[in-house]
Amino acid sequence: MQFTFFHLMPYRPLDMAERHKYRAAWVVMPNTLYDPKKGADEYQSYIDQLVYAEKLGFDTIAVNEHHQTATCIDVTAPLSLAILARQTKRARLLILGNPVANRDDPVRIAEEMAMIDCISSGRLECGMVRGVTHEVFPGNTNPTMTNERLWEGVDLLKRAWTTHDGPFNYEGRFRHRRAVNIWPRPWQQPHPRIWITGSTDKENVKKVAQEGHVFATFLQPFDHVKHMFRVYRENYKFNGVPGGLAFMPLVYVADTESEAEAGMKELIWYMQAKTEAQYRNPPGYAPVETNVQGLKGAFSGRTDAMRAQGLEFQRDQGVVMYGTPD
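Okay, so let's go over this structure. (Residues numbered from 1 in each chain as written. Predicted model: local features only at pLDDT ≥ 70, side-chain atom pairs only at ≥ 80, totals over all residues. Heavy atoms only, no water.)

## Digging into the overall build of the protein chain
Just so we agree on the cut-off: The secondary structure listing takes helices from DSSP runs of H or I that are at least 4 residues long and strands from runs of E that are at least 2 residues long, numbered from the N terminus. The globule rule used here is 2.2 Å times the number of residues to the 0.38 power, and the radius of gyration it is set against is calculated over C-alpha atoms. Exposure classes here rest on a 1.4 Å probe applied to the protein chains alone. A residue is buried below 20% of its type maximum, exposed above 50%, and partly exposed in between. Note on contacts: a residue pair is in contact if any heavy atoms of the two residues lie within 4.5 Å. For the area figures, the Shrake-Rupley method with a 1.4 Å probe applies, and any residue is considered shielded solely by the protein chains shown. Charge counting treats Lys and Arg as positive and Asp and Glu as negative, with His and both chain ends excluded. Charged side chains are reduced to one point each, which is NZ for Lys, CZ for Arg, CG for Asp and CD for Glu.
Scanning the protein chain from terminus to terminus reveals 14 helices and 11 strands. Relative to the globule expectation of 20 Å for 326 residues, the C-alpha radius of gyration of the protein chain, 20 Å, shows essentially globular dimensions. With respect to the three principal axes, the spread of C-alpha positions in the protein chain is 60 × 45 × 40 Å. A burial count over the protein chain gives 49% of its 326 residues as buried. Long-range pairs, those at least 24 residues apart, make up 71% of the contacts in the protein chain between residues at least 6 apart in sequence. Carbon and sulfur atoms form 53% of the exposed surface of the protein chain, whose accessible area is close to 16100 Å². Across the protein chain, the 38 positively charged side chains and the 38 negatively charged ones have centroids separated by 4 Å.

Put into structure tokens, the structure is as follows:
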């Protein structure tokens, strides 16, 4: 088992009272609440934290990007990762991830990631994501096609990384590229390890396993995580680069239990206020069976009904973890 320091770079100067004046942090919160001078200090602080995580012994340092939200001001994670590639020496560097379903050019992603892999002397872990539901609207993407766009993007990315005998043409459903011949190519051969996050339905987990990539899941209850990991192990195929499994809850540690509980109540604002209901599940984004399971309360971290059962329930489910260091 390895440990990852994962950072979303939320905008902390946003006062708790101010937060609750608005319906949600995603999409609709006006950016008049963002102070560029305070935001500049936030970036410096967060980069320092990420570098310090290596000194604390974390195996991997992870960054992510989101858009049009106060919960994440890391809007272009490759920039953050490039800084870390130069300022760290040992830790693996994970981008989780590149929103390939919402970006038109996987070849540019392949170039960016290859450059970071070279700067870091082969420490890149390259995550590719479908994109969360509430970014479908501001991204103006078709929710029924995001999964196909993800996998097509991954295919083109891998071909760009592993083709070394001159340019090739690519004809996909969504992308048509001429004379693909990237410089530089990655340090790691045949290519950096690919992580995939996205839909947690059985078929998607099976595909990640069959492609030999790392499957990562967030804020899901233990029982569902156990099910997904079992499906992965049953279908895993080694394809030249090791795969793996990753799980992330929300974590808050303090000197006393009461301080930890108070801190977690602040932290779960990320789940409670991050998006309005109409942006959470655009038609066609999730399979029908997944929606049926959700209505039955299958995903404790992701439904209002389950969140309403309180922190203790969420801790029992493994969606949040809080307490003393012990």
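## So, the side chain of Thr217
Structurally, Thr217 is set in strand S8 (residues 214-218). Look past the residues within four positions of Thr217 in its chain and what remains in contact with it is Thr200, Val225, Met228, Phe229, Ala246, Phe247 and Met248.

## Focus on helix H2 (residues 36-55)
We apply this condition: Take the residue count of a helix, subtract one, and multiply by 1.5 Å to get its expected span. It is the directions from the helix axis to the C-beta atoms whose arc is reported. Polar contact criterion, stated in full: a pair of N or O atoms within 3.5 Å, where within protein one must be able to donate a hydrogen and the other to accept it, and residues adjacent in sequence count only if both atoms are side-chain atoms.
Under the 1.5 Å per step criterion, the end-to-end length of H2 is 29 Å for 20 residues, consistent within 8% with the ideal 28 Å. The set of residues buried in H2 consists of Gly39, Glu42, Tyr46, Ile47, Leu50, Val51, Ala53 and Glu54. End-on view of H2: buried residues confined to an arc of 160°, all on one side of the axis. Of the residues in H2, the exposed ones pointing more than 90 degrees away from the buried face are Lys37, Asp41, Gln44, Asp48 and Lys55. On its buried face, H2 is in contact with strand S1 (4-7), strand S2 (60-63) and helix H3 (77-87). Two or three places before Lys37, at the start of H2, stands the capping residue Asp35, its side-chain oxygen 2.9 Å from that residue's backbone nitrogen. Just beyond H2, the residue with positive phi is Gly57, at close to 105°.

## Points about the environment of Arg103
Within the fold, Arg103 resides in the loop between strand S3 (92-98) and helix H4 (106-119). Spatially, the C-alpha atom of Arg103 lies 9.5 Å from that of Leu150, the residues being 47 residues apart in sequence. Apart from residues lying up to four places away in sequence, Arg103 is in contact with Asn98, Arg108, Ile109, Glu112, Arg149 and Arg175. A polar contact is formed between the side chain of Arg103 and the side chain of Glu112, at a distance of 3.3 Å.

## What to know about unusual backbone geometry
The step from Trp183 to Pro184 runs through a cis peptide bond, and the omega angle for that step is -5°. That bond from Gln189 to Pro190 is cis: its omega, 5°, falls within 30 degrees of zero. Mapped onto the elements of the fold, Pro190 is located in the loop between strand S6 (176-180) and strand S7 (193-197). Here the phi dihedral of Val27 falls at roughly 70°; this positive angle occurs in a residue that is not glycine. Mapped onto the elements of the fold, Val27 is located in the loop between helix H1 (16-19) and H2.

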